[in-house]
Amino acid sequence: MTELTELFSVPPLDQGLRASLREALDGKAKPVGALGRIEDLALTLGLIQQTLRPTVTQPVLLVFAGDHGLTRSGVAAYPTGVTVAMVDTLLMGRASANAFAKVVGAQVQVIDAGVAADLSDRAGLIHAKVAPGTKDASVEPAMTSDQAQAALLEGAAMARAAIDEGADVIALGEMGIGNSASAALLMHRLAPAPLADCVGQGAGHSPEGMARKQAVLAKAAARSDATAPLEVLTQFGGFEIAMMAGALLGAAKAGAPVIVDGFIGSAAALLAIRLAPDARDYCIFAHASAEAGHRRMLEAVEAQPLLGLDMRLGEGTGALLAVPLLKAACALLSDVAELKDILEAAR
């Protein structure tokens, strides 16, 4: 537990450079504030990296994969075998996340957090399986307390390893059939929010499928009254969600910005922030998902996403599409002329 307590002790963001960063931004060759939220993003990156010249040159996307026992009760429109198929697609470099990563210059790492299949023969896969999928949270806790803690610590280790190898920003992605159901339950307790406001289509449902999903999640919520973050994770979480939360905390402790993806990624961020409130300052929320409940979840962590593209795929695709905005924000501080020099040349 000592190691976990250390993980939760994320330091508050040092605000010492705020005035200097704002002065630098206001002094660029443009009207003050003319670049709006890109200026705010530049300031945030400067504070996280503690420099007047932040950089985003080696973004790394960590894609955590896991399966959910809730799928046995019918919360998903696809079978769990799709998780394995998509892990293989990611490893082949043919998933949407791979395509977007290539465009924005990001490295993709795929991690088996808890896939319900033996993937030990997959080359290129990072093997960190806690268990072959969670239990069915509608009838019993999704995981043990020890498993929850192990997943958090493993995620933190993954982020630290990427940073040690040169990553200057961590993007979070996931793959797991049924994980929007787990994320809805986490949001329900940790936002908190009425369960009906948290349940959406996930990977796609018929009206009958949605009714079944809502009924199963209501049964799960009625089974436990947990509200403490670690207990909520134990009762309702997924191994990939836990590892994303751990990765966020590990990156924050290392002083690296973290790009949060959509609904499931934001559930992991919500968990991390409830465990360590100061971790919020290291988060950059990429986009507003089309998944029901995401905007309310963003409100719960006082986040204004960079993009609104009506996406709901996951995999970290939205996080990747935000990378060029981070690079542009860095370039504003490093490459744009000073207004005083322009005015002097005009005399």
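Here, every reference points to the structure presented above.
A quick note: this is a predicted structure, and the numbers were derived from the prediction, not measured. (Residues numbered from 1 in each chain as written. Predicted model: local features only at pLDDT ≥ 70, side-chain atom pairs only at ≥ 80, totals over all residues. Heavy atoms only, no water.)

Visitor: Sorry, what's going on with the overall build of the protein chain here?
Guide: Tallying secondary structure elements over the protein chain gives 14 helices and six strands in all. Whereas a compact globule of 347 residues would reach a radius of gyration of roughly 20 Å, the protein chain reaches 20 Å, a difference of no more than 12%. If one aligns the C-alpha atoms of the protein chain with their principal axes, the spans along those axes are about 75 × 45 × 40 Å. Across the 347 residues in the protein chain, those meeting the buried criterion constitute 55%. Within the protein chain, contacts between residues separated by at least 24 positions form 76% of all contacts whose residues are at least 6 apart in sequence. (Helix = DSSP H or I, 4+ residues; strand = E, 2+ residues; numbered from the N terminus. Rg over C-alpha atoms; globule rule 2.2 N^0.38 Å. Buried < 20%, exposed > 50% of the residue type's maximum accessible area, 1.4 Å probe, protein only. Contact = heavy atoms within 4.5 Å.)

Visitor: Explain the sheet that holds strand β6 (residues 283-285) to me, please; I cannot follow it from the model alone.
Guide: Paired through their backbone hydrogen bonds, the strands of a sheet run either parallel or antiparallel. Ordered by their spatial adjacency, six strands build an open sheet running β3-β2-β1-β4-β5-β6, and the pairing between neighbours is parallel. A strand with exactly one partner marks an edge of an open sheet, and here the two such strands are β3 (126-127) and β6. Sheet topology note: the strand β1 (residues 59-66)/strand β4 (residues 169-175) ladder contains seven bridges and is parallel. Residue pairing in the sheet places P59 in a bridge with V169 of β4. Set on the sheet, helix α4 (residues 81-91) makes contact with β1, β2 (107-114) and β4; between it and β4 the angle comes to about 145°. (Pairing = 2+ DSSP bridges. Axes fitted to C-alpha atoms, helices over the stretch in contact; angles between N-to-C directions.)

Visitor: Honestly, helix α5 (residues 96-104) in this entry has me stumped. Any pointers?
Guide: Turn by turn, an α-helix covers 3.6 residues, leaving residues three or four places apart pointing in a common direction. Burial in α5 covers these residues: A97, N98, A101 and V104. Projected down its long axis, α5 carries its buried residues within an arc of 135°, all on one side. Among the exposed residues of α5, those pointing more than 90 degrees away from its buried face are K102 and V103. A positive backbone phi angle near 75° is found at G105, which sits one or two residues after α5. (Arc of directions from axis to C-beta.)

Visitor: Is there a simple way to think about the packing of helix α3 (residues 36-49) against helix α13 (residues 317-335) in this case?
Guide: Each pair of packed helices can be described by the angle between their axes along with the distance between the axes. α13 packs onto α3 with a crossing angle of 80° between their chain directions and a minimal axis gap of 8 Å. Between α3 and α13, the crossing angle belongs to the class labelled roughly perpendicular. Taken together, the residues of α13 that come into contact with α3 (itself represented by I38, E39, L41, A42 and L45) are L325, L326, A329, C330, L332 and L333. Its residues assigned to classes, the contact of α3 with α13 comprises ten nonpolar, no polar and one charged. (Parallel < 35°, antiparallel > 145°, perpendicular 65-115°, else oblique. Nonpolar A, V, L, I, M, F, W, Y, C, P; charged D, E, K, R; others polar.)

Visitor: Looking at this model, I keep getting lost on the pairing of β4. Mind explaining?
Guide: In terms of burial, β4 is a largely internal element, seven of the seven residues being buried. Because side chains alternate across β4, one face comprises the buried residues V169, A171, G173 and M175, and the other comprises I170, L172 and E174, equally buried. Alignment of β4 against strand β5 (residues 258-260), held across two bridges, turns out to be parallel. Bridging across to β5, A171 finds its partner in I259.

Visitor: Please clarify how the pattern of salt bridges should be interpreted in this entry.
Guide: Note on pairing: side chains with opposite charge can pair once their charged atoms come close. Enumeration according to the criterion identifies ten salt bridges in this entry. In this structure, E39 engages K30 in a salt bridge whose closest nitrogen and oxygen atoms are separated by 3.0 Å. Classification of E39 as buried rests on a relative accessible area of 1%. What you see here is one network of salt bridges that share partners, running through R22, K30, E39 and D40. (Salt bridge = Lys/Arg side-chain N within 4 Å of Asp/Glu carboxyl O.)

Visitor: What am I meant to see in the pairing of β2 here?
Guide: Looking along a regular strand, one sees the side chains alternate between the two faces of the sheet. For β2, a buried count of six out of eight residues is recorded, marking the element as mostly surrounded by other parts of the structure. With two bridges connecting them, β2 and β3 associate as parallel partners. Each residue of the ladder has a partner; that of I111, found in β3, is I126.

Visitor: How should I be thinking about the state of the cysteines in this particular structure?
Guide: Any covalent bond linking the sulfur atoms of two cysteines counts as a disulfide. The final tally for this structure, using the stated rule, is zero disulfides. The thiol of C198 is not disulfide-bonded; the next cysteine sulfur, from C283, is found 19 Å away. In this structure C330 is a free cysteine whose sulfur lies 17 Å from that of C283, the closest cysteine sulfur available. (Disulfide = S-S within 2.5 Å.)

Visitor: Honestly, the side chain of D168 in this entry has me stumped. Any pointers?
Guide: Its place among the elements puts D168 in the loop between α6 (145-164) and β4. A polar contact of 3.0 Å, which involves the side chain of D168, links it to the backbone nitrogen of Q58. Ignoring sequence-local partners within four residues, the contact set of D168 consists of Q49, T55, V56, T57, Q58, P59 and P257. (Polar contact = N/O pair within 3.5 Å; in protein donor to acceptor, adjacent residues only side chain to side chain.)

Visitor: How should the environment of V32 be read in this particular structure?
Guide: Note on placement: V32 falls in the loop between α2 (18-26) and α3. Along the primary structure V32 and L339 are separated by 307 residues, whereas in three dimensions their C-alpha atoms are 10 Å apart.

Visitor: Which parts of the structure should I look at to understand unusual backbone geometry?
Guide: Across the chain, the bulk of peptide bonds are trans and the bulk of non-glycine residues have phi less than zero. At the junction of A191 and P192, the peptide bond is cis and its omega measures out at -15° in the coordinates. Turning to its location among the elements, P192 is positioned in the loop between α7 (179-190) and α8 (207-223). Notably, E302 is not glycine yet its phi reads approximately 55°, a positive angle. Tracing the backbone through its elements, the reader meets E302 in the loop between α12 (294-300) and α13. For E302, a relative accessible area of 72% gives the class exposed. Of note, D310 is a non-glycine position whose phi angle comes to about 55°, a positive value. As for its placement among the helices and strands, D310 is situated in the loop between α12 and α13.

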